[in-house]
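A look at the structure
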4 protein chains.
Amino acid sequence: MALPEEFHAIAERVNNWGRWGADDEIGTLNLITDEVVRAAVREVRTGRRVPLALPLRQDGVQTGMIPGRIDPLHAMVQINQELFGPGTVACSDDAVTMGLQAGTHWDALTHVSHSGKLYNGRPAQTVTAHGGAEFSGIDKVRHLVSRGVLLDVARARGVDRLAGGHAVTPEDLESAEEFAGTRVRTGDIVLVRTGQVRVLLAGDRHGYGYPSPGLSVRCPEWFHARGVAAVANDTLTFEVFPPEIENLWLPVHALHLVEMGMLQGQNWNLEELSTACGETGRYTFLLSAMPEPFVGATGTPVAPVAIL
Amino acid sequence: MALPEEFHAIAERVNNWGRWGADDEIGTLNLITDEVVRAAVREVRTGRRVPLALPLRQDGVQTGMIPGRIDPLHAMVQINQELFGPGTVACSDDAVTMGLQAGTHWDALTHVSHSGKLYNGRPAQTVTAHGGAEFSGIDKVRHLVSRGVLLDVARARGVDRLAGGHAVTPEDLESAEEFAGTRVRTGDIVLVRTGQVRVLLAGDRHGYGYPSPGLSVRCPEWFHARGVAAVANDTLTFEVFPPEIENLWLPVHALHLVEMGMLQGQNWNLEELSTACGETGRYTFLLSAMPEPFVGATGTPVAPVAIL
Amino acid sequence: MALPEEFHAIAERVNNWGRWGADDEIGTLNLITDEVVRAAVREVRTGRRVPLALPLRQDGVQTGMIPGRIDPLHAMVQINQELFGPGTVACSDDAVTMGLQAGTHWDALTHVSHSGKLYNGRPAQTVTAHGGAEFSGIDKVRHLVSRGVLLDVARARGVDRLAGGHAVTPEDLESAEEFAGTRVRTGDIVLVRTGQVRVLLAGDRHGYGYPSPGLSVRCPEWFHARGVAAVANDTLTFEVFPPEIENLWLPVHALHLVEMGMLQGQNWNLEELSTACGETGRYTFLLSAMPEPFVGATGTPVAPVAIL
Amino acid sequence: MALPEEFHAIAERVNNWGRWGADDEIGTLNLITDEVVRAAVREVRTGRRVPLALPLRQDGVQTGMIPGRIDPLHAMVQINQELFGPGTVACSDDAVTMGLQAGTHWDALTHVSHSGKLYNGRPAQTVTAHGGAEFSGIDKVRHLVSRGVLLDVARARGVDRLAGGHAVTPEDLESAEEFAGTRVRTGDIVLVRTGQVRVLLAGDRHGYGYPSPGLSVRCPEWFHARGVAAVANDTLTFEVFPPEIENLWLPVHALHLVEMGMLQGQNWNLEELSTACGETGRYTFLLSAMPEPFVGATGTPVAPVAIL
């Protein structure tokens, strides 16, 4: 079953292959220039820092529905061990096993392929078990700091959370932008709040994943037009689920990661940030959201922090 | 074998137990106030971002000498898998197993205990295999952004790296401060460069670990006096190794983590930062170094970024 | 809350501490002598082999209720990788992370302690994160082959499976013995079939674990009297769950593992064996059920095979 | 670079594709019939059991040279945890991460492919990160018990171990057979002792792996002619290393696993068995060597036991 014509039409309009050279591995992150960062820094007013990651724990986000994507298993390899003899300073060490996409994470550009291709036209087969992604592994992202903009779609619509299955449209984004009193610009990292993570925080993991509000297939063009560097939201699936177009699964993933070369973030907890922005009426801030540099990885846990 | 009197005398002078209340779990991070962060942001001049983490890979930092502390094992659980049927968008997912202290990391306050105690006087037994650290797990650190100061001891002494076994003293720190033309102040995160990571980058893992330059047992008092929030350096052992005082192992760990309640970072790659600071002559910057919020963990990988 | 007097009374009657010397680490496995094995071999009639392990897979036995006990995560580290150059023989390698008690397993004698003690009177504190169990780790079991006897309690009672909460008593065991036309003797490995694993095989993991039929607190004395070397059954909890005596949790574990020094097996699939034995009317066989020699481990996956 | 003509000529002579039907997934294990097992059982004389597995530990066999194949990391998730309240029976649980081919193991038939094919002509692409091997995963082996024959090539030649690089030939096998006073027959599991594991046991992991004695490319035809069901030895590489024919890497793997569909075992410790057989002059026994049923796995740890 091929992807529908509609998908390919959008793909053509947002495609960035070659835009930053044939060797490029980071896509729209190229839009975050030193100048963009200097301007981002000027957004800081109070110095308040708001963390956006969910806790990493065995009893976390996953339900077992996605094969292999396990929540962190934390285990101890040393507990108060007097490694240098009785009465000496004692050490505790721990180890963890986890799916790199299990909690609050960035998808690397290689997290999906379509029609046999990855970002910048590279063959899908360059992702192997032997070292992971040869190109555009998450370790190729050297830094990820820019202006963050919270598009609080839920709050702008006056609800705690959008209904499951609500497709967030460009019109929703623009209403949220207007509500925020700002305008998304080149190099921004856009955080789209649906409120869906409240389902998870209330203890309903299955309900969190499905049905879920999320981005419409129409959003990538909007992000493309605005020159957005990266987008994250507070859902498991990122895009609306079930999908808008029958049998067209994960089109937003394919458009962002493969066509545009734009990182996506999922399972971000935007609740505290929403409250903080709501209090001041300012929805822009400095955002630091560094990937862990797992070599060849197709995703990474991230502990983002907004500096208001 | 008890810890020597000399150790206890220093411990008494730097002890912070109760300073931020009996319930406190984050120690000197309390010194990073909103005001400190606002001032830190003003250090940004160029917008250049310098990453400070080593790549996370199986062929990483560890030699197998520290039991259980394994370099990341990266493995694939999906590769271009058409989860929704033939011709659909295809997904790649990966999983990792690693020691939380294996690469560029922060020690949590619970990483060591001495005399049966952890930071703030809690019993060492509150670290268990069942959930890890009940108190002061790394997840208790909600954010870690402040002014960073590079004390480039190697460069200040005109060498590429300090000799193995060189104990970095408060006098070394003050010379580096003078060289940097700045003064360490309350809430700063201090990065002490020895240049030792060059041994690792040159491919000699064993030589990197031992013998190693590192902090002298006299440094904690200096950090205490200056109100430093956290300290990191570019070595495996953090403190000088072998130790200065025979049979007194890891005294700096015990003073920082247990007595002061101050986070320590190890295996930070400060080479690019040293070059960047050397070019401009400015050794202060905004530093974001968020822990991954592993619940109950005694350490965490971190991908710090300096914003110059 | 101390353990009740009733427990201690049984404990005294079944205690084997010192029976095989103060240094012994394998308990009742000492009862399997060369002579016992020679006799066991004589039980083989048809040469038919029946496997007793459940498949090891991510979608396995566990529900997440037991912290840290995760089903196997299987991941690839090489897939058809031509490690020696294009066109050469290609290799596939995999890695796994799992709880050692997650699937069909043996509990090591150190899997539980009570009143601060392990088998043979050793302190519970000899189990640490640094190397696991200093004594009686599963690697101390060098071999585990003996006569197996299926006590098919369910079949003897004419049911597919015992009801959840049914406590299997010594009288049940004797009825099953009579039904089998054999008598349990010194060095035997006894397999007690409740039929409960049918709940799991039918897809109900939660129902499998609770409520569950299982051994009564009165069984250990029976096994002790008969000189049984090891016991396994087809349940998650091994003993009846919820327990027979209010607030007395896991008494059978404590009696078998700590007091008697007798290995226990759980999650064994006895369905095919039940059918095979039912066909021939013979319930004795040669059983090989080797632990994997994980050093210091408190349990191990096992793939037992009955040779009929 | 294609495989040489010489390889293909042998391949043609030993090929078993279709021999047990197009659907077969276990190859030469089909040769172990009930009758073979009944005869195998008759080999038991003393009842002595000899374990053949190396301990599973972090400080194990691997050197880090084979990417992703890590020795077991053992970690604790519960230590004497009173899960049901203070004073109750306390539990210890552990978890492990390991390469399935790291220690004493069986290669599954899918461990290698050549020319894009697996055993029975299946495409190599049926091994994926999503579930591993679709066909001939190690879980397809339901039982593995048969007569074992120790071909003690080292002892037959009067040496402790064969020299590194010594290719064990069919002539060597026949001399060892004669020395053993037996004849390898259909359904046997053949254990070839080189003595190389003594290098490992003496603490030299690198020397153990390379250079290594091992099977010559001429052996598969001999095993084929005799109807051998499976072969294991006491080396890391199984076949002689470096290889006999320049640039022909792992030909024996390809012939055994792909062409013949015959399991191979590596890193078996045959030292105690050699001594035991040497004492009695009998080199045949009952062998139980059950794989752990990891679903879709291309290998498995195994704890074989010989019953003499």
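Residues numbered from 1 in each chain as written. Chains lettered and ligands numbered in written order. Predicted model: local features only at pLDDT ≥ 70, side-chain atom pairs only at ≥ 80, totals over all residues. Heavy atoms only, no water.

**Some points on the interface of chain B and chain D**
- Taken together, the contact between chain B and chain D spans 15 residues of the former and 15 residues of the latter.
- Remark: the boundary between chain B and chain D carries zero salt bridges.
- Across the contact surface, chain B and chain D share four residue pairs in polar contact (both at pLDDT 80 or more).
- Here the element with the most residues in the side of chain B that touches chain D is strand β2 (residues 73-81) of chain B; it accounts for six residues.
- Taken together, the residues that form the side of chain B that touches chain D break down as eight nonpolar, seven polar and no charged. (Contact = heavy atoms within 4.5 Å. Salt bridge = Lys/Arg side-chain N within 4 Å of Asp/Glu carboxyl O. Polar contact = N/O pair within 3.5 Å; in protein donor to acceptor, adjacent residues only side chain to side chain. Helix = DSSP H or I, 4+ residues; strand = E, 2+ residues; numbered from the N terminus. Nonpolar A, V, L, I, M, F, W, Y, C, P; charged D, E, K, R; others polar.)

**With respect to the relation of the copies chain B and chain D**
- Between chain B and chain D, the superposition needs a rotation of 180° and an axial shift of 0.0 Å, giving an RMSD of 0.0 Å. The superposition operator between the copies reduces to a two-fold rotation axis. Judged by C-alpha distance, B:Thr97 is the residue of chain B that lies nearest the rotation axis, at 3.8 Å. (Least-squares fit on C-alpha atoms with pLDDT ≥ 70 in both.)

**Here we look at the nonpolar core**
- Formed by 167 residues in total, the largest nonpolar core has its most connected members in C:Phe223 and D:Phe223.
- The residues touching D:Phe223, leaving out its near neighbours within four places in the chain, are D:Leu173, D:Val190, D:Val192, D:Leu215, D:Val228, D:Val231, D:His256, D:Met260 and D:Met262.
- In this structure, A:Val168, A:Val184, A:Ala289 and B:Leu151 belong to the second largest nonpolar core, which totals 166 residues. (Core = buried A, V, L, I, M, F, W, Y, C linked by side-chain atoms within 4.5 Å. Buried < 20%, exposed > 50% of the residue type's maximum accessible area, 1.4 Å probe, protein only.)

**With respect to the sheet that holds strand β13 (residues 263-266) of chain C**
All names here are of chain C.
- Across the sheet, which stays open at both edges, the nine strands sit in the order β1-β16-β14-β8-β10-β12-β13-β4-β15 with mixed pairing between neighbours. Strands at the two margins of the open sheet, each flanked by one partner only, are β1 (49-51) and β15 (299-301). Neighbour-to-neighbour, the strand axes of this sheet turn through a mean angle of 25°, independent of strand direction.
- The sheet contact formed by β1 and strand β16 (residues 305-307) spans three bridges and is antiparallel. Across the sheet, Arg-49 pairs through a bridge with Ile-307, a residue of β16. (Pairing = 2+ DSSP bridges. Axes fitted to C-alpha atoms, helices over the stretch in contact; angles between N-to-C directions.)

**Side note on the environment of A:Leu173**
Residues and elements named next belong to chain A.
- If you trace the backbone, Leu-173 turns up in helix α4 (residues 170-180).
- For Leu-173, a relative accessible area of 0% corresponds to the buried category.
- A sequence separation of 29 residues divides Leu-173 from Leu-144, and the C-alpha atoms of the two residues are 23 Å apart.

**Focus on the side chain of D:Glu259**
All names here are of chain D.
- With respect to the element layout, Glu-259 can be found in helix α8 (residues 251-260).
- One buried charged residue, Glu-259, remains without a salt bridge, the closest side chain of opposite sign being Lys-117 at 11 Å.
- One polar contact links Glu-259 to His-114, side chain to side chain, over a distance of 2.7 Å.
- Beyond its immediate sequence surroundings of up to four residues, Glu-259 is in contact with Ala-11, Val-14, Asn-15, Asn-16, Trp-17, His-114 and Ala-254. (Lys, Arg positive; Asp, Glu negative; His and termini not counted.)

**A closer look at the packing of aromatic side chains**
- Applying the stated criterion across every chain yields a total of 28 aromatic pairs over all chains.
- Taking the centre distance of 6.5 Å and the plane angle of 55° together, the rings of A:Phe84 and B:Phe241 count as tilted. Of this pair, A:Phe84 sits in the loop between β2 (73-81) and β3 (90-99) while B:Phe241 is found in the loop between β12 (230-233) and α8 (251-260), placing the two residues in two different chains.
- Here the aromatic rings of A:Tyr210 and A:Phe241 are separated by 6.1 Å at their centres, their planes lie at 80°, and the arrangement is edge-to-face. Here A:Tyr210, found in the loop between α6 (205-209) and β11 (214-215), pairs with A:Phe241, found in the loop between β12 (230-233) and α8 (251-260); they are 31 residues apart in sequence, far enough to count as distant.
- Among the aromatic side chains, those forming a connected cluster through ring pairs are A:Phe84, B:Tyr210, B:Phe241 and B:Trp249.
- Sitting above the plane of the A:Phe135 ring, A:Arg122 keeps its charged end 4.4 Å from the centroid. (Phe/Tyr/Trp six-rings, centres within 6.5 Å; stacked < 30°, edge-to-face > 60°. Lys NZ or Arg CZ within 6 Å of the ring centre and 35° of its normal.)

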